[in-house]
Amino acid sequence: VQLQASGGGLVQPGGSLRLSCTVSGGIWSINAMKWYRQVPGKERELVAGFAIAGSVTHIADSVKGRFTIFRDYGNNAGYLDMTNLKVEDTAVYYCDADQGQDSYWGQGTQVTVSS
């Protein structure tokens, strides 16, 4: 399983970004996908996640109401829609895919929220 994350960038406070994570081999090859973020000097934070089958999703309290996670089976990808971005959302964002007891990580994508 290989993951390709993209969509990061520089945005002003209040702006929006969509991160994508494409799964080689097809999204049905994994059980779940999660988005994490990390700021230098701090622990990696789980932002959102979903199970590939079914409707189980998770959104961290810190982003609830602003971030949405969804999957696109046709494009073999998961997405993280981020709206009303705040300076404190600045971080490197990573996608992670679970396949059985194994986890696979995509490369990080930098999100910078600054005026």
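Right, let's walk through the structure included here. Keep in mind the model is a prediction, meaning the values are calculated, not measured.

**Considerations on the pattern of salt bridges**
Where charged atoms of side chains with opposite charge meet at close range, the side chains can pair. Under the definition given, this model contains seven salt bridges. Its salt-bridge partner being Asp-98, residue Lys-34 comes within 2.2 Å of it at the nearest N-O pair. Note that Lys-34 is positioned in strand E4 (residues 32-38) and Asp-98 in strand E9 (residues 91-99), a separation of 64 residues in sequence. Between Arg-37 and Glu-45 there is a salt bridge, and its shortest N-O distance comes to 2.8 Å. Look at Arg-37 and you get buried, because its relative accessible area is 7%.

**Some words on the packing of aromatic side chains**
For the structure shown, the criterion picks out four aromatic pairs. The interplanar angle of 10° and the centroid separation of 4.7 Å between the aromatic rings of Trp-28 and Tyr-73 together place this pair among those described as stacked. Of this pair, Trp-28 sits in the loop between strand E3 (17-23) and E4 while Tyr-73 is found in the loop between strand E7 (67-72) and strand E8 (77-82), placing the two residues 45 residues apart along the sequence. Trp-28 sits in the exposed class, given a relative accessible area of 57%. Measuring from centroid to centroid gives 6.4 Å for Tyr-94 and Trp-105, while their planes differ by 85°, and the two rings are edge-to-face. Of this pair, Tyr-94 sits in strand E9 while Trp-105 sits in strand E10 (residues 102-105), placing them eleven residues apart in sequence. An aromatic cluster of three or more residues is present, and its members are Tyr-36, Tyr-94 and Trp-105.

**Points about the sheet that holds strand E1 (residues 3-6)**
Strands sit in the order E1-E3-E8-E7 across an open sheet of four strands; the sheet is antiparallel. A strand with exactly one partner marks an edge of an open sheet, and here the two such strands are E1 and E7. The average undirected angle you get between the axes of adjacent strands in this sheet is 15°. With four bridges connecting them, E1 and E3 associate as antiparallel partners. When the bridges of E3 are listed, Ala-5 appears paired with Cys-21.

**Here's the deal with the environment of Val-87**
By secondary structure assignment, the location of Val-87 is in the loop between E8 and E9. Here the alpha-carbon distance between Val-87 and Thr-57, two residues 30 residues apart in the chain, equals 25 Å. When residues no more than four places from it in sequence are discounted, the contact partners of Val-87 are Pro-13 and Val-113.

**Quick word on the side chain of Ser-20**
For Ser-20, the position within the fold is in strand E3. Within the structure, the side chain of Ser-20 is placed 2.9 Å from the side chain of Ser-6, a separation counted as a polar contact. With residues near it in sequence (within four places) discarded, Ser-20 still touches Gln-4, Ala-5, Ser-6, Trp-35, Gly-78 and Tyr-79.

Calculation rules
- All residue numbers refer to position in the chain's written sequence, counted from 1.
- A pLDDT threshold of at least 70 governs which residues receive local features in this predicted model, and a stricter bar of 80 or more applies before side-chain atom pairs are shown or counted, although totals over entire chains, interfaces and linings include all residues.
- Calculation of side-chain values draws on the structure's entire complement of heavy atoms; hydrogens and water are dropped beforehand.
- Salt bridge, as used here: a side-chain nitrogen of Lys or Arg that lies within 4 Å of a carboxyl oxygen of Asp or Glu.
- For the purposes of this entry, the term helix denotes a DSSP run of H or I that reaches at least four residues, the term strand denotes a run of E that reaches at least two, and both are numbered from the N terminus.
- Buried means the residue's accessible area, taken with a 1.4 Å probe over protein chains only, is under 20% of the maximum for its type, while exposed means over 50%, and partly exposed covers the values in between.
- Between rings of Phe, Tyr and Trp, where Trp is taken as its six-membered ring, a pair exists when centres lie within 6.5 Å; planes separated by under 30 degrees are stacked, by over 60 edge-to-face, and by other angles tilted.
- Here the rule is simple: two strands pair whenever DSSP picks up at least two bridges between them.
- Comment: axis = line fitted to C-alpha atoms, over the contacting stretch for helices; angle = value between 0 and 180 degrees taken between N-to-C directions.
- The criterion used for residue contact is that any of the two residues' heavy atoms lie within 4.5 Å.
- Pairing of N or O atoms within 3.5 Å defines a polar contact, subject to two protein rules: one partner must be a possible hydrogen donor and the other a possible acceptor, and residues neighboring in sequence count only if both atoms are side-chain atoms.

Nothing here speaks to function; it is geometry throughout.
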